[in-house]
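The chain contents come next:
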Amino acid sequence: MAEPQHPPPQRSESREIAELRRLKEAQPDLGSAVDLQIELLQLQRRVQTRVSLPSIKLDRDYLNEQLSSAPVLRFEHLPLDWGDVRFVLRSTASSMRTHEALDSDDFRRVETLCRDTERLPIVVKSWYEAPADASGAVHPDGAGLEAVLLQAMRPFLTKSAEAIMAKTDLSGWTRGTCPLCAGEPDFAVITPAADRVLICGRCLARWRFHQLTCPFCANAERSRITSFASRDGQYRIYACDVCQRYLKAYDARNAGRPVMHAVDSIATLPFDAAAMQRGYK
Ligand SMILES: [Zn+2]
Ligand SMILES: [Zn+2]
């Protein structure tokens, strides 16, 4: 058999990047968002290869037990090398600034934060713990920088989440927030079996959730959930008429590839605009 002309991509990121380039060709309007996403993915991949495993006991029984006092992944477990954190934070801010996804004031705030070796861990910790914290507040020095922190912390969070997910049975988890990091889902996938699986917007952990219930406010009244599909049927939106929030989903039932968070969150940007126009947030 002849050697294939192009070797298959070695990493899932490469496949995601190939999909992103296809997306840019098909929808030139998304060009800048795609370019930024590719830069961030490449950066995160580079950092993730040198991130260690989380300092939590990666034992099946132990982890399943921890679900009763979730979130399972505590800040103290995160494998943070502060030199790496500063590097990825600075690089993320710089990419976002180049693509006009961060204004110059916030860019400077990130630079200041990276120079402050005492304050940086405090700010990152407050960002990480905000969803599970009663006040939900991020340290004032990190407030407004959530989008940068989210991208910069992703290699550390996903590395930890992957290691924990491999040994944890999430089938009994029925809440709308992430069992691992307490984050909110920012995407979902409808599986070929018509289940809805939520994807954490921070650590990308996945768990099955009721098909129509709103994960943000638990509204389960069918008549108060507005659901509509994209024209090509590839994506779907679930909008809640109680809390006015919405969730996007990839419909994998008739799709040629699995969901790719990094790709599908960009491909659905026009969908965000449509949902916001209808008054959802
Ligand atoms: Zn999470
Ligand atoms: Zn709701």
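Each chain carries its own residue numbering, running from 1 in the written order of its sequence. Lettering for chains starts from A, numbering for ligands starts from 1, and both go in the order in which the items are written. Where totals are concerned, whole chains, interfaces and linings use all residues; where local detail is concerned, this predicted model gives features only for residues with pLDDT of at least 70, and gives and counts side-chain atom pairs only at 80 or more. Values reported for side chains reflect all heavy atoms of the structure, with hydrogen atoms and water molecules removed beforehand.

**Points about the coordination of the zinc ion (ligand 1)**
Here the coordinating atoms are restricted to nitrogen, oxygen and sulfur within 2.8 Å of the metal centre, or 3.2 Å for Na, K and Ca, and because water is not among them the sites may look incomplete. Binding of the zinc ion (ligand 1) to the protein goes through Cys178 (SG), Cys181 (SG), Cys200 (SG) and Cys203 (SG), at separations of 2.3 to 2.4 Å. Every geometry call rests on angle ranges, with four donors termed tetrahedral when all angles are between 85 and 135 degrees, four termed square planar and six termed octahedral when opposite donors are over 155 degrees apart and all others are between 65 and 115, and everything else termed irregular. Classification of the site at the zinc ion (ligand 1) rests on its 4 donor atoms, whose angles at the metal span 97 to 119°, yielding the label tetrahedral. In primary-sequence terms, the residues that donate to the zinc ion (ligand 1) follow C-x2-C-x18-C-x2-C. Pair noted here: cysteine 181 is in the loop between helix H7 (146–165) and strand S1 (185–190) and cysteine 200 is in strand S2 (residues 196–200), with a separation of 19 residues, a long-range link. Each member of the pair, cysteine 181 as well as cysteine 200, is classed as buried. Strands here are runs of E lasting at least two residues and helices are runs of H or I lasting at least four, both read from the DSSP assignment and numbered beginning at the N terminus. Working definition: with a 1.4 Å probe on protein chains only, accessible area under 20% of the residue-type maximum means buried, over 50% means exposed, and in between means partly exposed.

**Some thoughts on the coordination of the zinc ion (ligand 2)**
Six octahedral donors around a metal ideally sit at 90 or 180 degrees from one another, while four tetrahedral donors ideally sit at 109.5 degrees. Within the first shell, the zinc ion (ligand 2) binds the protein through Cys214 (SG), Cys217 (SG), Cys240 (SG) and Cys243 (SG), at distances of 2.3 to 2.4 Å. The site at the zinc ion (ligand 2) holds 4 donor atoms, and with the angles between them running 103 to 115°, its shape is tetrahedral. Look at where the donors of the zinc ion (ligand 2) fall in the sequence and you get C-x2-C-x22-C-x2-C. You can see cysteine 214 sitting in the loop between strand S3 (206–209) and strand S4 (225–229) and its partner cysteine 243 sitting in the loop between strand S5 (235–240) and strand S6 (246–251), a full 29 residues away along the chain. Both residues of the pair, cysteine 214 and cysteine 243, belong to the buried class.

**Describing H7**
A helix is expected to span 1.5 Å for every residue after the first. The terminal C-alpha atoms of H7 lie 25 Å apart, and with 20 residues this falls more than 12% below the ideal 28 Å at 1.5 Å per residue. In this analysis the local bend is the angle between axes fitted, respectively, to the seven residues ending at and the seven residues starting at the residue. If you look at H7, its biggest bend is around 50°, right at arginine 154, and the proline proline 155 turns up within four residues after that. Counted residue by residue, H7 has 15 buried out of 20 residues, so it is predominantly covered.

**With respect to the side chain of serine 126**
Following the sequence through the fold, serine 126 ends up in helix H6 (residues 119–129). The contact rule is simple, with two residues in contact once any of their heavy atoms fall within 4.5 Å. Sequence-distant contacts of serine 126, defined by excluding residues within four places in its chain, comprise Ala137, Val138 and His139.

**Let's talk about the packing of aromatic side chains**
One pair of aromatic rings is described through two measures. These are the centre distance and the angle between the planes. Working definition: a ring pair exists when centres of Phe, Tyr or Trp rings (six-membered ring for Trp) sit within 6.5 Å. Plane angles under 30 degrees give stacked, over 60 give edge-to-face, the rest tilted. The final tally for this structure, using the stated rule, is 4 aromatic pairs. A ring pair is formed by phenylalanine 75 and tyrosine 128, whose centres lie 6.3 Å apart and whose planes are at 45°; its orientation type is tilted. With a gap of 53 residues between them, phenylalanine 75 in the loop between helix H3 (60–66) and helix H4 (82–98) and tyrosine 128 in helix H6 connect regions that are remote in the sequence. The exposure class assigned to tyrosine 128 is buried, which follows from its relative accessible area of 4%. Consider the rings of tryptophan 127 and tyrosine 128, whose centres lie 6.5 Å apart with planes at 55°: the pair is tilted. With relative accessibility at 6%, the residue tryptophan 127 sits in the buried group. Each residue in the set Phe75, Trp127 and Tyr128 is aromatic and connected to the rest through ring pairs, giving one cluster. Lysine and arginine charges are scored as sitting over a ring when NZ or CZ, respectively, is within 6 Å of the ring centre and within 35 degrees of the ring normal. Here the guanidinium or amino end of arginine 196 rests over the ring plane of tyrosine 238, the centre of that ring lying 4.4 Å away. The lysine or arginine in question, arginine 245, covers the ring of phenylalanine 216, its NZ or CZ lying 3.9 Å from the ring centre.

**Concerning the packing of H4 against H6**
Running from amino to carboxyl end, H4 crosses H6 at an angle of 75°, the nearest separation of the two axes being 11 Å. Relative to H6, H4 is oriented roughly perpendicular. On H6, the residues that touch Trp82, Val85, Arg86 and Leu89 of H4 are Leu120, Pro121 and Val124. Any residue that is not Ala, Val, Leu, Ile, Met, Phe, Trp, Tyr, Cys, Pro, Asp, Glu, Lys or Arg is counted as polar, Gly included; the first ten are nonpolar and the last four charged. Among the residues forming the contact of H4 with H6, the class breakdown is 6 nonpolar, no polar and 1 charged. Angles here are taken between N-to-C directions and fall from 0 to 180 degrees, while the axes themselves are lines fitted to C-alpha atoms, restricted in helices to the stretch in contact. Here is the rule for angles: anything less than 35 degrees is roughly parallel, anything more than 145 is roughly antiparallel, 65 through 115 is roughly perpendicular, and the remaining ranges are oblique.

**A closer look at the sheet that holds S1**
Think of it this way: DSSP has to see at least two bridges between two strands before they count as a pair. Pairing in this open sheet of 6 strands is mixed, and the strands run S3-S2-S1-S6-S5-S4 from one edge to the other. Edge positions in the open sheet fall to S3 and S4, since each of these has one partner strand only. Here the strands of the sheet are splayed against their neighbours by 30° on average, with no regard to which way each runs. In terms of strand pairing, S2 meets S3 through 4 bridges, oriented antiparallel. Looking at S3, one finds that valine 197 is bridged to arginine 208. Docked against the sheet, helix H9 (residues 269–277) engages S4, S5 and S6, running at close to 145° with respect to S6.

It is worth stressing that arrangement in space is one thing and function is another; only the former is reported here.
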